[in-house]
There are 2 protein chains.
Amino acid sequence: MIRVNENYKKLKASYLFAEISNRVSEFQQNNPDKELIKLGIGDVTKALPDSCIKAFHKAVDEMAADSSFMGYGPYEGYGFLREAIVRTDFESRGLEISENEIFVSDGAKCDSGNIQELFSNDIEVAVQDPVYPVYVDTNVMAGRTGRWENGRYEGLIYLDSTEKNNFFPELPDKKPDLIYLCFPNNPTGTAATKEQLQKWIDYARENRSLIIYDAAYESFIRDREIPHSIFEIEGAKEVAIEMRSLSKTAGFTGTRCAYTVIPDECTAYNPDGTPVSLKKMWLRRQSTKFNGVSYPVQRAAEAVYSPQGQKEIRILSDYYLKNAGIILTGLKKLGYTCTGGKNSPYIWVKAGIDSWDFFDRLLTESGIVCTPGSGFGKCGAGYIRISAFNSRENVIRAMDRFISYPV
Amino acid sequence: MIRVNENYKKLKASYLFAEISNRVSEFQQNNPDKELIKLGIGDVTKALPDSCIKAFHKAVDEMAADSSFMGYGPYEGYGFLREAIVRTDFESRGLEISENEIFVSDGAKCDSGNIQELFSNDIEVAVQDPVYPVYVDTNVMAGRTGRWENGRYEGLIYLDSTEKNNFFPELPDKKPDLIYLCFPNNPTGTAATKEQLQKWIDYARENRSLIIYDAAYESFIRDREIPHSIFEIEGAKEVAIEMRSLSKTAGFTGTRCAYTVIPDECTAYNPDGTPVSLKKMWLRRQSTKFNGVSYPVQRAAEAVYSPQGQKEIRILSDYYLKNAGIILTGLKKLGYTCTGGKNSPYIWVKAGIDSWDFFDRLLTESGIVCTPGSGFGKCGAGYIRISAFNSRENVIRAMDRFISYPV
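Residues numbered from 1 in each chain as written. Chains lettered and ligands numbered in written order. Predicted model: local features only at pLDDT ≥ 70, side-chain atom pairs only at ≥ 80, totals over all residues.

Caption draft 1: Representation of the overall build of chain A. If you tally the helices and strands in chain A, you get 13 helices and 17 strands. When the backbone C-alpha atoms are referred to their principal axes, chain A occupies close to 55 × 55 × 55 Å. Counting across all 407 residues of chain A, residues that qualify as buried make up 55%. Relative to all contacts within chain A whose residues are 6 or more apart in sequence, the contacts with residues 24 or more apart total 73%. (Helix = DSSP H or I, 4+ residues; strand = E, 2+ residues; numbered from the N terminus. Buried ≥ 20, exposed ≤ 12 C-beta atoms within 10 Å, placed from the backbone. Contact = placed C-beta atoms within 7 Å.)

Caption draft 2: Representation of the sheet that holds strand β14 (residues 346–350) of chain B within the structure. Residue and element names in this part refer to chain B. Pairing in this open sheet of four strands is antiparallel, and the strands run β13-β14-β17-β16 from one edge to the other. Each edge of the open sheet carries a strand with a single partner, namely β13 (338–340) and β16 (371–372). Bridging between β13 and β14 involves three bridges; their strand directions are antiparallel. If you follow Thr339 over to β14, its bridge partner there is Trp348. (Pairing = 2+ DSSP bridges.)

Caption draft 3: Molecular detail of the environment of Leu36 of chain B. Residue and element names in this part refer to chain B. Here Leu36 shows up in the loop between α1 (16–30) and β1 (37–38). Assessed through the 17 C-beta atoms surrounding it within 10 Å, Leu36 is described here as partly exposed. For the pair Leu36 and Ser366, spaced 330 residues apart in the sequence, the C-alpha separation amounts to 8.3 Å. Other than its neighbours up to four places away in sequence, Leu36 contacts Val24, Gln28, Gly367 and Val369.

Caption draft 4: Up close: the domain arrangement of chain A. All names here are of chain A. If you check the domain split of chain A, you get domain 1 (6–47 + 309–401) and domain 2 (71–306). The centre of domain 1, based on its C-alpha atoms, is set 24 Å off from the matching centre of domain 2. Across the contact, 34 residues belong to domain 1 and 42 residues belong to domain 2. Those elements that provide at least two residues to the side of domain 1 that touches domain 2 are α11 (307–333), β13 (338–340) and β14 (346–350). Examining the composition of the side of domain 1 that touches domain 2, we find that six residues originate from one element, α11, more than from any other. The class makeup of the residues in the side of domain 1 that touches domain 2 is 15 nonpolar, 13 polar and six charged. (Domains from an automatic or database assignment. Nonpolar A, V, L, I, M, F, W, Y, C, P; charged D, E, K, R; others polar.)

Caption draft 5: Molecular detail of the nonpolar core. Grouped together as the largest cluster of nonpolar side chains are 250 residues, with contacts concentrated most on Val127, Ile211 and Ile241 of chain A together with Val127, Ile211 and Ile241 of chain B. Discounting chain neighbours no more than four positions away, the residues touching Val127 of chain B are Tyr135, Val136, Leu156, Tyr158, Leu159 and Tyr180 of chain B. (Core = buried A, V, L, I, M, F, W, Y, C linked by C-beta atoms within 7 Å.)

Caption draft 6: Representation of the sheet that holds strand β17 (residues 383–387) of chain A in the model. Residues and elements named next belong to chain A. Strand order in the open sheet formed by four strands is β13-β14-β17-β16, with antiparallel pairing between adjacent strands. Single-partner strands in this sheet number two, and they are β13 and β16 (371–372). Across five bridges, β14 lies against β17 in antiparallel orientation. Bridge pairing in β17 places Val349 opposite Ile384. Of the strands in this sheet, β13, β14 and β17 touch α11, which is tilted by about 15° from β14. (Axes fitted to C-alpha atoms, helices over the stretch in contact; angles between N-to-C directions.)

Caption draft 7: How the structure looks around the interface of chain B and chain A. Contacts between the two partners involve 71 residues from chain B and, on the opposite side, 69 residues from chain A. Ranked by residues supplied to the side of chain B that touches chain A, first place goes to helix α9 (residues 278–289) of chain B with five residues. Broken down by class, the residue content of the side of chain B that touches chain A amounts to 36 nonpolar, 21 polar and 14 charged.

Caption draft 8: Broad picture of the packing of helix α2 (residues 50–62) of chain B against helix α11 (residues 307–333) of chain B. Residues and elements named next belong to chain B. Orientation of α2 relative to α11, taken along the N-to-C sense of each, is 130°, at an axis distance of 8 Å. With respect to each other, α2 and α11 are oriented oblique. Only Gln308, Gly309 and Glu312 of α11 make contact with α2, whose side of the interface consists of Asp50, Ser51 and Cys52. Of the residues contributing to the contact of α2 with α11, the split by class is one nonpolar, three polar and two charged. (Parallel < 35°, antiparallel > 145°, perpendicular 65-115°, else oblique.)

Caption draft 9: How the structure looks around the relation of the copies chain B and chain A. With an axial shift of 0.0 Å and an RMSD of 0.0 Å, the rotation relating chain B to chain A amounts to 180°. On this basis, the relationship between the two copies can be described by a two-fold rotation axis. Taking the C-alpha atom as reference, chain B places His57 of chain B closest to the rotation axis, 3.1 Å from it. A shared binding surface is used by both copies, with 97% of the interface residues of chain B retained as interface residues in chain A. (Least-squares fit on C-alpha atoms with pLDDT ≥ 70 in both.)

Caption draft 10: View of unusual backbone geometry. Between Phe183 of chain A and the following residue, Pro184 of chain A, the backbone shows a cis peptide bond with an omega angle of -10°. Position of Pro184 of chain A relative to the elements: it lies in the loop between β7 (178–182) and α6 (194–207). Omega for the peptide link from Asp129 of chain B to Pro130 of chain B comes to 5°, which places this bond in the cis form. Summarising the element assignment, Pro130 of chain B is placed in the loop between β3 (125–129) and α5 (133–141). The phi angle at Asn166 of chain A is positive, at roughly 55°, despite the residue not being glycine. With respect to the secondary-structure elements, Asn166 of chain A resides in the loop between β6 (157–160) and β7. The phi torsion at Asn343 of chain A lies on the positive side, around 55°, for a residue other than glycine. Within the secondary structure, Asn343 of chain A sits in the loop between β13 and β14.

Caption draft 11: A look at helix α13 (residues 392–401) of chain B. Residue and element names in this part refer to chain B. Along α13, the residues that are buried comprise Val395, Ala398 and Met399. Seen from one end, α13 has its buried residues packed into an arc of 95°, which puts them on one side. Pointing more than 90 degrees away from the buried face of α13 are the exposed residues Glu393, Asp400 and Arg401. Its buried side turned inward, α13 meets β1, α11 and β15 (368–369). (Arc of directions from axis to C-beta.)

What follows is the structure, encoded as C-alpha cells:
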C-alpha cells in the first residue's frame, strides 16, 4: 500500500500566501466593483530593465537557429552568468568568491526550501520568529519537527525577533545545528549590522553550526554600514551559505532566476566529526534533481550585471524604496508604530488587533491587501507586513484610504 | 554540529551524465583537434519551433512594460497553458483530464525526482533495470535503500528489462508500493502496448500501489496501437501519475518546461488505510518549494499546443525518428543487435563488451559519444544507448565511422 509522508499532516492549513490569495479571491467575487490595491505578497510591479529585455530577445533569437540553439546547460548555471555575478556582487565589494562557488537556480525560494535535504534528519533547526514560512514548512515536511502546538512546531528552536530586541534575535540557550537568518529581514524589514552578524558567525564557528543566510533583499540596502553579504563577516565562509535572488533586485519574480553561494570552505560533518564539503553535496543534489535555468533567462540575468543593467536596477530599487518611505511616513501620521521601510521594501506595522482581523478590515474597509504578521509566526501576532512593491500612484492612493490607528 | 544526510554516501560515484561529461572533457583536452559527434545525453539539436519563438518574443515584450508585466504566476502554471495541454494532449485522444489535474514545472526530471517526497520513507520502491538514474538516486538520497552492493541498491525492487522479456518487465514477486515505469522507455527505446500496461494498472489496483509513469518520449510514438498516455488504460486514474516534458517533444531541453498529471481520483493512504488526495499534497509541495515556470517560457510552451505548433513539433520528431532509422539500419549492417529506434529516439545496442570499455573505444576510435548501458543499471551491462538527437549530417557521419561488431 502506497503510504503518504505523514509529516504533511502537521502543516497548518495552507501556505500563507495561498490563504491570502483565497481570501482575496472570495472578496473580489463578492465585490466585483471594488478595486483592490495589493501590498501583500511582495510581488514587484515594474517592467524588466531594458538591458534584460534586449538580452532576453537576443537569446530567444539564438534559440531560433540550429547553429546557435542551446540545449541542456550546466546544472550549476552558465559560466557567463556566474562570472558576471562574482565580478559585480562580490569582487566589487572586495570579497573573494569564485564562480565555482556560485549555483544558479530558478529561485531563492526553491534553494532555501531544498537546502535542508543535505542534512541529517535529526539535526536541531533554528528559525527567526517572525519567519519566511518556507524555512519552517520544508523542515516540517522532512520530519524535523513535532506537532503544531500553541502556534509553534514542537522541536524547532524559535529565535524571537520582537520590539524588545529591535527585531534582531539573541543567541539561543539550546544550540542549533542549522540556523536560518534573513537580512534585510522578511517580514520585519530589519537590516543587520556587521557587529550583529559577527556574533552569529562566531557562535556558528564555536558550535560547528551552519547558517543559511537569505540575502534576497540586499539590493535595497543604502546604509553604508550595513553588509550586503554574509561573507563580509570574518570567518563566515566556513559556516555560511548565502542565497540571493533577482526577483526583487531586478523584477524577476515572474522570470525566475536566483543563486546560492556555497564557499569551498563551507563544511558539515559526519557523525564521527569528519568534515564533508557542502558544495560537492549541493552539486550532486542539483545535478540529480534539477536541470538548470532556461537559457534565455540566464542571458537576461547576465544583463543585470552589466554597467547599464546595474544603473537600471538601482533606479528600480530606488523607486520601491521611495514607496517605502511614503508608506512609513503615511502610517506614522495615521498613528501606527512601524519598523523597516529603510534598507528594505517591507514595513512591519503594529496592528493593535489580531493580524487576520486587521487583514480582513483593511481588505473590506480600505480595499488594501496586506500580509498578516501572524502568518510569519507567533511573534508576528498583532502585526501586519506592508510591501512597497506597487506603483507610486497606488501607494499614494493606498495611504489616502488606509484605516487609522487604533482601528 | 551540523551533520550531513548520510544517504548521499551510498550514491555511487557521480550522476551518470556528469561522469560522461567529465570523460568527454578530458578526452577533448588531450585531443583538441578531434571533432566529436555526441549521441550521448539525449539532448536535442534543432532550433525551437517558429511558433514558440514568436510567442516567446511577444511575452518578453509584455515584460518590458509596467502595464503588461507579469510577476509571480500560479504555482501550478498559468491557466492558458494548462487548458492548451488538456485540449491537445488529452481531449484530442478522448481522455477526460481537467486543467486542475495539470501541474506545470521546469522539468520532468525535477518532478520525477521530487514526487517521492510525498511518500513515507519506509515504502517499497520498484524501478525498471535498466533505468533512468533519477528515480533511483532520489530514493537513495531520501534513505529508502540500503547500500550499493554488487551493482544494485539493497532494498530496491529491480524489474529486469532484458532481451529475455523483450525489455518489458514482468510483475514482481515482492509487492512494491511505488513503481516507476517509463514508456517509450529510456534507455531501451521500448514502447509498451495497452495490454502490457493494463497488467501493471490492474496489479497496482489490486495492491494499492502507485505508478509513476514517465511519458517524456510519447511524441515519438507512431504506431497507432501504442498508447500515448497511461490514462488510456482502464482504471489508471486511481493509481497513476503521469509526467510529460516539452524537452524532447518541442526542443525545450534548454528552455525548460514540463508537466505532471495527478488525477483527482489518484490516491495514497495513511497507515490506517484512509485515503489521501495526492493532487492536494503535490500542490502543497509545489507551493512551498517552487515558484512556477518563467512566464515567457510558459507562453512559448503554449504555442506548442497551437495547430501550427503541433505541425512544427511533428516535423521535429519526424526528423529525429528518421535519424533513429538511419542509426538502426547502420548499426545492423555493422553487425549489432539493437532494439528501440521505432516510436523512440533511442537505440539500445548490444556492445559485446563492457559498456564503459565500449564507451571509451567509441570515443577514442570513432570520436562518438554514447551512453554506457551499465550506467542505467545491472541489466544495462554490455549495452550502450545511442540517441538520435543530432543533425542528419552528423548522424550519417557517425554511422560512417562507427566501429564494427564485434569490437
